[in-house]
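This is what each chain is made of:
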Amino acid sequence: MAAFVLVMLLATSPATQADPVERLGEALPTQAGRCGAAPGGTVSEGARCLLGNGLNLLLGEAMGLAEGYGQEAVGQRFRVVGTPAFSAVPGGVGLAGDIDVLIPFAGGEPGVTANPTGSALFLQQGVSRWWDGHGSLRNDFRLGPVYRFRLPGGPDGDILGLSVLRLHNAEHQHEVLVPGIDYAGRWGSGTLRHFMPITGWRQVPPGHEERALGGTELEARFDITTTLRVSATSYRWESESRAGQWNGGIRLGFGWQPHPWLHLAASYDRGGEDEAARSFRLGFRMPLGKIPPVPRWAGLGLVAGGSVPGDSKLWRPVENSGRIRVGTRTDVSELVGSAQIRFLQDTVGSGDTVQLEVVLGSAAAEDIRVEVRLVPGSGANPAVPGEDYVDVPVELTIPRGATSGRVSIQLLRNDGQQEPRSLGATAVLAS
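As a convention, each chain's residues are numbered from 1 in the sequence order in which they are written. Where totals are concerned, whole chains, interfaces and linings use all residues; where local detail is concerned, this predicted model gives features only for residues with pLDDT of at least 70, and gives and counts side-chain atom pairs only at 80 or more. Processing note: side-chain calculations cover all non-hydrogen atoms of the structure and skip hydrogens and water entirely.

### Focus on the pattern of salt bridges
- When a carboxyl oxygen of Asp or Glu lies within 4 Å of a side-chain nitrogen of Lys or Arg, that pair is called a salt bridge. All chains considered together, the criterion is met by 24 salt bridges.
- Between aspartate 311 and arginine 77 there is a salt bridge whose closest N-O contact spans 3.3 Å. In this pair, aspartate 311 is assigned in helix H4 (residues 311-314) and arginine 77 in the loop between helix H3 (43-74) and strand S1 (79-82), connecting sequence segments 234 residues apart.
- Relative accessibility thresholds used throughout: buried, under 20% of the residue-type maximum; exposed, over 50%; partly exposed, between the two (1.4 Å probe, protein chains only). Here aspartate 311 falls in the buried class, since its relative accessible area comes to 13%.
- With a shortest N-O distance of 3.0 Å, arginine 138 and glutamate 210 are connected by a salt bridge. In this pair, arginine 138 is assigned in strand S5 (residues 137-150) and glutamate 210 in strand S10 (residues 208-212), connecting sequence segments 72 residues apart.
- The buried category is assigned to glutamate 210, whose relative accessible area is 3%.
- If you follow the salt bridges from partner to partner, you end up with Arg148, Asp182, Arg193 and Arg316 in one network. Helix numbering and strand numbering both begin at the N terminus, where a helix is a DSSP run of H or I of at least 4 residues and a strand a DSSP run of E of at least 2.

Structure below.
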C-alpha cells in the first residue's frame, strides 16, 4: 500500500515527473544487484532486501516532493527533515526512523550569508517509529513550537533557542512534556532538555505495566575542526527497573567526517544502570540517482571557530527528543497473585497467634494493600472455619520498594480439638 501511494505521488507530479522517474530507473538496477550479491541470502531475504531498497528510493523522492509542495503553499522556510527507512523486520519489511515537518510562523524569507535572518518561529511536528528490545513497534509523535533568535551583536551573533514539545505514544498513550533550550555558536552547540511525564502507569499485556520516565540531559558539542567533533552529555534519569530511584552519569562522544559520504563515531557511557557502555559506528551514505561531482576528502579539516552560525541553525528541528523512555513492572494484581505465603512457625497451638509472610516476586513500585485470609489446609484433617479460626481477611500493606510483608492472625480457642489440623492461607489484592 505504501509503495502504491508513493508511486502514484511520483507519477502524478507534473512539475517533477521526469527527474524522479529517471533517477529511480537508474538506481533500482544497482540496488537489485546489491541484494542479489548478498552472501548466504535466501530468495525470501533477497526479495525483502529488494523491496526495502525500492521503497526507500520511493520514500526519498516522496519526501522531496512533499517539501517542494509545502514551500509553494506556506513559504520557502517549510521543511521536511528526517531519516526514515524501510528495512527487514520479522515477518517482512517495516518502516522505521524519524521524520519532522517544520511549519514557519515568522522569521522572513531565506537570507544570504551577508544578511542572515535574525529570528525564527515555527511549529515542529514529527514522529519516531522504532522497535524496542522486546520486538514491539512504537510510534512516538511530537508537536510543539520552537523559537530561536540571535543574541545581541548584530546579524553575526550566536543563536539561542527555546522550545516546548509534547510527546505522545500511539500504542500505550504515554505523554511527556519536553521544555528545552539550545545554543549554537562558532565553536559548537549545546542543549538542555527536561522530560516531564504527564501520564502514569499503563497496562501492557501480558501481565505488565509501563510508564514514561522523567529525566534531564545537558549536552555540549564542540567543533575542533570542520571534520572533528567531540561531545559530552550529563544526564539524570529515573530508573527503568527500580521504582523511586534515579541514575546519573556522563556520556562522551567523538565524531569524524573526513568525507560527506563517510562518518565515524565512538561513544563511552559511564553511569546509569550499567557499569559502562562503549560503542563504535561507521556510516557510509552515497547519494543515489544522478551523482554530483565527487566531493573532496577533507581529512582532519580546518580549524573551526571562524564561521557565523547560519540560517540553517535557526531553522533546524529540535533533536534528541523523539523517543519516550519507559520503565516496566509486573502488573500489581499479577504480582500479588503469584506471591508466596510462608508460615513462620512449623506448629502453633489452638488459640495462639499465627505469623505469616507474603513474599512478592519483585519489589513493590508503590504501596500495595493485600488481604490475607486463613483457609483449610491440604492435609488429611483440615482446619475448620469458625472453630479453629475466624473466616475474615486481615489487611497487610507492603511498602514501596519492599519485597515482602508480615502479618499476625489470632486463632480461635478450640477445646474440642483432639488431633492436629492443617491450615492454609491465601493473599489477594485489596479492593
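### Focus on the packing of aromatic side chains
- Working definition: a ring pair exists when centres of Phe, Tyr or Trp rings (six-membered ring for Trp) sit within 6.5 Å. Plane angles under 30 degrees give stacked, over 60 give edge-to-face, the rest tilted. Following the criterion strictly, the structure yields four aromatic pairs and no others.
- Here phenylalanine 195 and tryptophan 237 contribute two aromatic rings whose centre-to-centre distance is 4.9 Å and whose plane-to-plane angle is 40°, an arrangement assigned as tilted. Placement of the pair is phenylalanine 195 in strand S8 (residues 188-197) and tryptophan 237 in strand S12 (residues 228-238), with a sequence separation of 42 residues. With respect to class, phenylalanine 195 is no different from tryptophan 237; both count as buried.
- Directly above the ring of tryptophan 237 sits arginine 325, whose terminal nitrogen or CZ lies 4.3 Å from the centroid. The rule for a charge over a ring is simple: NZ of Lys or CZ of Arg within 6 Å of the ring centre, and within 35 degrees of the ring normal.

### With respect to unusual backbone geometry
- The backbone of glutamine 173 shows a phi angle near 65°, a positive value even though the residue is not glycine.
- Inspection of the secondary structure assignment puts glutamine 173 in the loop between strand S6 (159-169) and strand S7 (175-184).
- Since its relative accessible area comes to 37%, glutamine 173 is described here as partly exposed.
- Of note, the phi angle at asparagine 320 is positive, near 60°, even though the residue is not glycine.
- Counting through the fold element by element, asparagine 320 comes out in the loop between H4 and strand S16 (326-330).
- Exposure remark for asparagine 320: the relative accessible area of 53% places this residue in the exposed category.

### Here we look at the nonpolar core
- Think of a nonpolar core as a cluster: buried Ala, Val, Leu, Ile, Met, Phe, Trp, Tyr and Cys residues, connected wherever their side-chain atoms sit within 4.5 Å. Leu356, Ile368, Val372 and Ile398 are the most contacted members of the largest nonpolar core, which totals 23 residues.
- At the level of elements, helix H5 (332-337), strand S18 (353-359), strand S19 (368-376), strand S20 (394-398), strand S21 (404-410) and strand S22 (423-429) are the ones that each hand at least two residues to this core.
- Counting residues in hydrophobic clusters, the runner-up holds 20 residues, among them Ala120, Leu167, Ala184 and Leu314.

### Notes on the side chain of histidine 259
- Along the chain, the position of histidine 259 falls in strand S13 (residues 246-259).
- Given a relative accessible area of 10%, histidine 259 falls into the buried group.

### Things to note about the sheet that holds S19
- Any two strands with at least two DSSP-identified bridges between them are counted as paired. Taken together, three strands build an open sheet; the order of strands is S20-S19-S22 and the sheet is antiparallel. The sheet is open, and its two borders are formed by S20 and S22, each paired with just one other strand. Pairwise comparison of adjacent strand axes, ignoring direction, gives a mean angle of 35° for this sheet.
- Sheet topology note: the S19/S22 ladder contains seven bridges and is antiparallel. Pairing of valine 370 across the sheet is with leucine 429, part of S22. Each axis is a line fitted through C-alpha atoms, taken for helices only over the stretch in contact, and angles between the N-to-C directions span 0 to 180 degrees.

### Examining the environment of valine 74
- In this fold, valine 74 is placed in helix H3.
- Overall, valine 74 belongs to the partly exposed group, its relative accessible area being 45%.
- Linking valine 74 and proline 104, residues 30 residues apart in sequence, is a C-alpha distance of 7.5 Å.

### Concerning the sheet that holds strand S17 (residues 340-343)
- The three strands are arranged S17-S18-S21 in an open sheet whose pairing can be described as antiparallel. In the strand order of this sheet, the two ends are held by S17 and S21, each with one partner. With direction set aside, neighbouring strand axes in the sheet form an average angle of 25°.
- Alignment of S17 against S18, held across four bridges, turns out to be antiparallel. Pairing of glutamine 340 across the sheet is with valine 359, part of S18.

### Remarks on a nonpolar patch on the surface
- Distance thresholds for patches are 9 Å for like charges and 5 Å for nonpolar side chains (Val, Leu, Ile, Met, Phe, Trp, Tyr), applied to residues having over 30% relative accessible area and no salt bridge. Only the protein chains shown count as cover for residues, with accessible areas throughout obtained via the Shrake-Rupley method and a probe of 1.4 Å. Residues Tyr147, Leu162, Ile181, Leu192 and Leu218 make up a contiguous nonpolar surface patch of roughly 420 Å² in combined accessible area.
- Position of leucine 192 relative to the elements: it lies in strand S8.

### Things to note about the side chain of threonine 227
- In this structure, threonine 227 sits in the loop between strand S11 (215-223) and S12.
- In terms of polar contacts, threonine 227 uses its side chain to reach the backbone carbonyl oxygen of glycine 299, at 2.9 Å.
- Within the local environment of threonine 227, its side chain forms a polar contact with the backbone oxygen of leucine 300, the two atoms lying 3.0 Å apart.
- Once residues within four sequence positions are removed from consideration, threonine 227 is found in contact with Gly255, Trp256, Gln257, Pro258, Ala298, Gly299, Leu300 and Gly301. Counted as a polar contact is a pair of N or O atoms within 3.5 Å, where, for protein atoms, one must be capable of donating a hydrogen and the other of accepting one, and residues adjacent in sequence contribute only when both atoms are in side chains. The contact rule is simple, with two residues in contact once any of their heavy atoms fall within 4.5 Å.

### Quick look at the environment of arginine 77
- Assessed through its relative accessible area of 10%, arginine 77 is described here as buried.
- For the pair formed by arginine 77 and leucine 102, sequence separation is 25 residues and the distance between their alpha carbons is 7.9 Å.
- A polar side-chain atom of arginine 77 sits 3.3 Å from a polar atom in the side chain of aspartate 311.

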